[in-house]
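Here is how the chains run, residue by residue.
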Number of protein chains: 4
Amino acid sequence: MTDTDSHASRLQAQLEDSPFHQLFQMTIASVDTAAQTLALRLDFTSAVERQAGTGQYHGGAIASLIDIAGDYALIAILGHGVPTINFRVDYLRPASGAALVATATVRRAGRTVGVVDIDVEDDAGRLVAIGRGCYGTQAG
Amino acid sequence: MTDTDSHASRLQAQLEDSPFHQLFQMTIASVDTAAQTLALRLDFTSAVERQAGTGQYHGGAIASLIDIAGDYALIAILGHGVPTINFRVDYLRPASGAALVATATVRRAGRTVGVVDIDVEDDAGRLVAIGRGCYGTQAG
Amino acid sequence: MTDTDSHASRLQAQLEDSPFHQLFQMTIASVDTAAQTLALRLDFTSAVERQAGTGQYHGGAIASLIDIAGDYALIAILGHGVPTINFRVDYLRPASGAALVATATVRRAGRTVGVVDIDVEDDAGRLVAIGRGCYGTQAG
Amino acid sequence: MTDTDSHASRLQAQLEDSPFHQLFQMTIASVDTAAQTLALRLDFTSAVERQAGTGQYHGGAIASLIDIAGDYALIAILGHGVPTINFRVDYLRPASGAALVATATVRRAGRTVGVVDIDVEDDAGRLVAIGRGCYGTQAG
């Protein structure tokens, strides 16, 4: 079951309250706290371009998308901010197209640490990168 | 022995030829192909801020800095582009201050794969994050 | 579709042709080259025990299980040995019980590099650890 | 300054109190709590051999060595057990020879999390693998 739009809207407002995030066009496409998943879309703009004219996403933009998607998947179920402890990104293919969607799935939300998997697909449904993040889950 | 300024200048020009990089103020502070190290500085601007008013660097900006520093450490010694295969970032402390410097050290530049360690320090010399990247080293 | 038993048998024989593997009781439980998955079971014996009397698996045994499962998932579809380039293990819970099963799923088998995800469950179906490995896929 | 032999001896006794560790010949070669480093040696025996007759160390044995060295580097300075949260291993070269030495250096020992780097060299001083581990530092 997907959450009500109001939950996604609140998370979207929180997402946009960051100068770094404002560099990019990112949208919380869906959030499902029962399934512990969240989808974050990144639209292609010149801000994410690897090299002028290539139409390819920069790896740093993809890494940021992964980190943020994992973070917000935990924020959605815990209700408070969770600092990233570490994360890993594996790039599988050059990424291009109108948008990328990062789907974050919480694998474990423990007392002190949470672990999230993030798959990134292009708009043709090709898997372009995968991430795995570890976050601190204790409330501030 | 640090390389001549002309080598750093050529790498700097290459660095700036990317719309994504142009979001940030990044400077190749030094390059030493004998020691296989490269230092990349990221100045604090609102583009890297995690949340307005905090003065803290966003984790995504730090991850990008790490990936780029590791990439250019290999580019400096190989002379051609090297795609990132995967990388890991560990965040050790919240990062603030006027600039961060990422120092990348090549641990192994093999025939197909290169591995680079990247330490990120703030301007007080505190270690704020560490990265480890694996790059494809075969020429195009 | 699961492969014929003869494929699993051949891989099992190859698995046992290693002094390190012979320390443990590991069995290729299933292999499905169409789905690009392979399941490797590790039985509890004193060889894997973390500390005498705890009945818990040592993290090193779990890491080895993950690396080997990922490796054999690629061997099963490529037909030749694939060296591990790097891998990551996240431990989610203390692991105990009669056996662990590592299910490896190939996420990408590229020309030079393959990436595999490995989930480890105990015999109650609890997820105890997850791994992600990157392997060199070029034939010798 | 290296610690007194009695500190290394106490850690060695603790190390050997594990059925999994007893499979291998591992020795705490040195411990320096001021520098926050610890060296752990693994002697070549058939238990660590990748494939009979190769004389090469199995990646799982090297991964275990890395995890244990990182763990004990934190145990040495904190005085209590620290569970592994996650770790990464990068293999740089096939490893052979009479012994490997893993040198673990604590990069950060925080209130909840510690991060340790581990370099593994063969007896000719060649770097064969590097690890990075993240451990929970809160006392039980």
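Residues numbered from 1 in each chain as written. Chains lettered and ligands numbered in written order. Predicted model: local features only at pLDDT ≥ 70, side-chain atom pairs only at ≥ 80, totals over all residues. Heavy atoms only, no water.

### So, the interface of chain B and chain A
- Counting residues at the interface gives 30 residues for chain B, matched by 30 residues for chain A.
- Linking chain B with chain A are zero salt bridges.
- At the junction of chain B with chain A, the criterion picks out 16 residue pairs in polar contact (both at pLDDT 80 or more).
- Those elements that place two or more of their residues in the side of chain B that touches chain A are α2 (59-78) and β3 (84-91) of chain B.
- Per-element accounting of the side of chain B that touches chain A gives the leading share, eight residues, to β3 of chain B.
- Where strand β3 (residues 84-91) of chain A and β3 of chain B come together, five bridges link them in antiparallel fashion. (Contact = heavy atoms within 4.5 Å. Salt bridge = Lys/Arg side-chain N within 4 Å of Asp/Glu carboxyl O. Polar contact = N/O pair within 3.5 Å; in protein donor to acceptor, adjacent residues only side chain to side chain. Helix = DSSP H or I, 4+ residues; strand = E, 2+ residues; numbered from the N terminus. Pairing = 2+ DSSP bridges.)

### Section: the relation of the copies chain B and chain A
- The two copies are related by a screw motion: chain B maps onto chain A through a turn of 180 degrees and a shift of 0.0 Å along the axis, at an RMSD of 0.0 Å. Such a combination of rotation and displacement between the chain copies is what one expects of a two-fold axis. For chain B, the residue whose C-alpha comes nearest the rotation axis is Arg88 of chain B, separated from it by 2.1 Å. (Least-squares fit on C-alpha atoms with pLDDT ≥ 70 in both.)

### Section: the packing of helix α1 (residues 5-16) of chain A against helix α2 (residues 59-78) of chain A
All names here are of chain A.
- Running from N to C, α1 and α2 cross one another at 130 degrees; their axes reach a closest spacing of 11 Å. Considering the angle they form, α1 stands oblique to α2. The two elements α1 and α2 meet at a crossing, and its hand is right-handed. Contact with α1, carried on its side by His7, Leu11, Gln14 and Leu15, involves Ile68, Tyr72, Ile75 and Ala76 of α2 and no other residues of that element.
- Considering only residue class, the contact of α1 with α2 consists of six nonpolar, two polar and no charged. (Axes fitted to C-alpha atoms, helices over the stretch in contact; angles between N-to-C directions. Parallel < 35°, antiparallel > 145°, perpendicular 65-115°, else oblique. Left-handed = near helix turned anticlockwise from the far one by under 90°. Nonpolar A, V, L, I, M, F, W, Y, C, P; charged D, E, K, R; others polar.)

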